[in-house]
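These are the residues of each chain, in order.
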Amino acid sequence: MTGADRRERGRSGWRCRWPGTWKDLAAEHGACQRPVQLRRTELDTGYIEQVLIPCGHTLASVCPPCAERARILRATQCREGWHLDHEPVIDPDPATGEQRALVADRAEVQADRDALANEGLDTTDLDQRIGELNEHITEAGMRGNVLPNQSRRHRSTRRRQDAAPLPRRPVSNRTVGKTYTAPDGKTFRPSLFVTLTCPSYGRVGEDGAPADPDTYDYTRAARDALHFAALFDRFIQNLRRFCGYDLQYFAAIEPQRRLAPHVHIAIRGTISRAELREVIAATYHQVWWPSTETVRYDGGHLPVWDEHTGTYLDPDTGEVLPTWDQALDAIGDGDEPLHVARFGDRFDAQGVLAGSKNASRCIGYLTKYLTKHVGDCHQAATDAQAAHAGRLADALRYEPCSPTCANWLRYGIQPKNARAGLRPGCCKGKAHRREYLGYAGRRVLVSRKWSGKTLADHRADRKAWLTGMLGLPATDPSRYSWEPVKPGDPDHMPNGQRLLHVVADRIQWQTALEQARRRAAEADLPATGRAA
């Protein structure tokens with residue numbers, strides 16, 4: 001073949017590129033496209049081998065196979081906990097020797113620190129040591145805090161006059177829903193699938209774009225998205241108090257076509273639509289933050305950082321800006337909150353029975369968009385949709401997302417834990433980025449007693465099932481030590497070589513699994529050749 005023929009063959013697309021083939025083959029076999037290389041050492045013999053593990057990313061744009069496995073795992077978690085007929089038992093694991101030693105060290109350092117504080121001496125070194133030990137304790141797998149958190153600023157708990165009353169019942173420890181008996185004697189335990197939305201900000205078309213962008217309330221839409229997670233938490237709290245038991249839920253948050261967040265909730269047990277409407281009407285979340293009505297600094301006229309005092313100053317007068325705590329203290333009892341978040345009047349609720357087609361369909365709704373960013377769930381297909389997304393992004397740019405947000409400087413207030421380099425409109429919080437649409441919280445919200453298992457437990461169950469099907473013995477994790485392989489190490493594999501290894505391993509596992517399933521099916525066949 002001449003050089004001209006080879007060039008023509010390349011232009012005609014006869015050739016395929018190696019990297020593209022690797023990734024296509026990895027996706028075809030469900031292998032991770034960004035495997036992580038680890039060095040595993042057997043402690044007894046000193047034998048060292050290279051192990052490639054999946055990256056575990058949950059976004060399909062980064063690694064489709066890992067994202068799909070994560071979605072399937074969430075679907076399994078939802079299915080196992082939705083219609084439980086027994087109370088889940090959650091017992092903490094006993095403390096390990098390492099954890100006990102860390103807590104003992106923490107106790108000794110705390111005693112030394114308190115002794116110095118009582119004598120009025122400097123405790124800086126011991127405070128730093130306490131911080132390091134707290135981090136080690138958390139890394140060792142222990143939950144909770146050694147000492148109570150700092151005192152919180154409390155606001156009046158009196159309900160708003162414009163909110164519906166909320167009847168309350170004592171909450172019991174029961175998590176399982178009621179059992180109903182049909183006239184024919186058959187018993188069943190239904191559960192609920194609920195969808196809650198945000199209120200209206202203006203009339204929109206079928207494509208989700210506003211009919212009149214000038215009257216669409218983008219400010220309220222941005223604030224509702226920023227505080228949607230807190231509103232959901234308040235709804236669950238009110239629902240538990242109303243129902244009188246420890247209601248369990250599995251919820252997934254995604255955007256509507258108008259780009260406002262809404263939530264699908266799988267609830268164990270049932271509640272009537274009338275009662276659900278009553279709880280929704282009584283649920284609200286007040287945001288007690290300083291006012292943002294007046295813009296004090298904008299453009300090139302911004303507060304300046306003073307290295308000596310570690311504060312921001314007015315660029316004209318040199319006056320120190322109010323700190324975050326001072327701004328909160330200035331909010332009086334007669335003032336209104338910055339924002340009051342509520343759900344919309346429209347909602348959907350339907351009963352679901354275990355094992356039904358409706359249950360599978362609802363689980364599909366709950367996990368449909370988990371492999372995508374919030375902003376990627378609905379792509380702009382028209383100019384009106386693109387303009388709508390742009391206007392919402394502009395509204396989120398200068399809206400404060402948290403007490404530490406740099407946008408507070410725009411309104412003459414120092415953010416909490418202020419530092420040099422902050423600039424309004426340039427906050428690095430995820431809520432300001434287009435792919436998050438103002439909602440930067442967790443996409444999946446699961447109650448602790450949902451299935452009685454953590455996500456790691458569900459993952460271990462899948463691994464145990466696979467090794468059981470293949471007849472592989474269980475491995476003892478304490479036999480090995482692990483360390484990452486860095487790019488400069490002599491045994492480091494380039495990404496292409498790693499992809500070839502994981503594809504080969506995946507093919508071997510799939511072949512072995514098919515053979516195991518075939519043997520299991522043949523073992524269930526009697527002499528007639530038909531299934532038993």
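Residues numbered from 1 in each chain as written. Predicted model: local features only at pLDDT ≥ 70, side-chain atom pairs only at ≥ 80, totals over all residues. Heavy atoms only, no water.

1. Here's the deal with the packing of aromatic side chains
Just so we agree on the cut-off: Pairing of aromatic rings covers Phe, Tyr and the six-membered ring of Trp, with a centre-to-centre limit of 6.5 Å; geometry is then stacked below 30 degrees between planes, edge-to-face above 60, and tilted otherwise. Working definition: helices are DSSP H or I runs of at least four residues, strands are E runs of at least two. Numbering for both runs from the N terminus. Throughout, exposure labels follow a simple rule: accessible area from a 1.4 Å probe, protein chains only, divided by the maximum for the residue type, with under 20% read as buried, over 50% as exposed, and the rest as partly exposed.
Scanning the model with the defined rule gives 14 aromatic pairs in all. Look at Trp82 and Phe193: their rings are 6.4 Å apart centre to centre, the planes differ by 55°, and that puts the pair in the tilted class. Placement of Trp82 in helix 3 (residues 64-82) and of Phe193 in strand 5 (residues 191-196) is noted, with a sequence separation of 111 residues between them. A single burial state applies to Trp82 and to Phe193, both of which are buried. Ring geometry for Phe193 and Tyr365: centres 6.5 Å apart, planes at 25°, overall stacked.

2. Section: the nonpolar core
Put simply, the rule reads: Residues enter a nonpolar core if they are buried and are Ala, Val, Leu, Ile, Met, Phe, Trp, Tyr or Cys, with the set joined through side-chain atoms within 4.5 Å. Residue contacts are defined here by distance: any two heavy atoms, one from each residue, within 4.5 Å place the two residues in contact.
Within the largest apolar cluster, 65 residues are counted, with the highest numbers of intra-cluster contacts made by Leu196, Phe235, Ile265 and Leu276. Sort the elements by how many residues they give to this core and helix 7 (residues 228-243) lands first, with 7 residues. Not counting residues up to four positions away in its chain, the partners in contact with Leu196 are Phe235, His262, Val263, Ile265, Ile280, Phe343 and Phe347. Within the second largest apolar cluster, 15 residues are counted, among which are Ala75, Ala252, Ala359 and Trp450.

3. Description of helix 12 (residues 455-470)
The condition is simple: Expected span of a helix, by definition, is 1.5 Å for each gap between consecutive residues, and there is one gap fewer than residues.
Between its terminal C-alpha atoms helix 12 stretches 23 Å, which fits the 22 Å expected from 16 residues at 1.5 Å a residue. Residues of helix 12 that are buried make contact with helix 3 and helix 13 (495-523). Positive phi appears at Gly471, one or two residues downstream of helix 12, with a value of about 70°.

4. Concerning a nonpolar patch on the surface
For the record, the criterion: Patches were defined on residues exceeding 30% relative accessible area and lacking a salt bridge, with like-charge contacts within 9 Å and nonpolar side-chain contacts (Val, Leu, Ile, Met, Phe, Trp, Tyr) within 5 Å. Accessible areas in this description were obtained via Shrake-Rupley with a 1.4 Å probe; residue shielding takes into account the shown protein chains only. Salt bridge, as used here, is a side-chain nitrogen of Lys or Arg placed within 4 Å of a carboxyl oxygen of Asp or Glu.
Side chains of Tyr180, Phe188 and Leu353 sit close together on the surface and give an oily, nonpolar patch of about 250 Å² of accessible area. By secondary structure assignment, the location of Leu353 is in the loop between strand 12 (347-352) and helix 10 (357-367). Using a relative accessible area of 42% as the deciding quantity, one classes Leu353 as partly exposed.

5. Overview of the packing of helix 6 (residues 218-226) against helix 11 (residues 383-397)
Stated precisely, the cut-off is as follows: Only C-alpha atoms enter the line fits that serve as axes; for helices the fit covers just the stretch in contact. Angles between N-to-C directions range over 0 to 180 degrees. Each angle gets one of four labels, with under 35 degrees taken as roughly parallel, over 145 as roughly antiparallel, 65 to 115 as roughly perpendicular, and the rest as oblique.
Contact geometry for helix 6 and helix 11: axes closest at 9 Å, N-to-C directions at 70°. The angle between the axes of helix 6 and helix 11 places the two elements in the roughly perpendicular class. Facing Tyr218, Ala221, Ala222 and Leu226 of helix 6, the residues of helix 11 in contact are His388, Arg391, Leu392, Ala395 and Leu396.

6. As for the sheet that holds strand 1 (residues 36-42)
Sheet strands associate in pairs through backbone hydrogen bonding, adopting either a parallel or an antiparallel arrangement. Applicable threshold: Two strands make a pair as long as DSSP finds a minimum of two bridges between them.
The sheet built from 3 strands is open, its strands ordered 2-1-14 with antiparallel pairing. The open sheet has two free edges, formed respectively by strand 2 (48-53) and strand 14 (480-484), since each of these has just one partner strand. Between one strand axis and the next, the sheet turns by 35° as a mean value, whatever way the strands run. In terms of strand pairing, strand 1 meets strand 2 through 6 bridges, oriented antiparallel. Bridge pairing links Arg40 to Glu49 in strand 2.

7. Points about the pattern of salt bridges
Taken as a whole and assessed by the stated rule, the structure comprises 18 salt bridges. The closest approach of N and O atoms between Asp491 and Arg39, which form a salt bridge, is 2.9 Å. Remark: Arg39 occurs in strand 1 and Asp491 occurs in the loop between strand 14 and helix 13; sequence separation between them is 452 residues. Take Asp491: its relative accessible area is 26%, and that puts it in the partly exposed class. For Asp246, the salt bridge identified is with Lys449, shortest N-O distance 3.7 Å.

None of this, on its own, says anything about what the molecule does.
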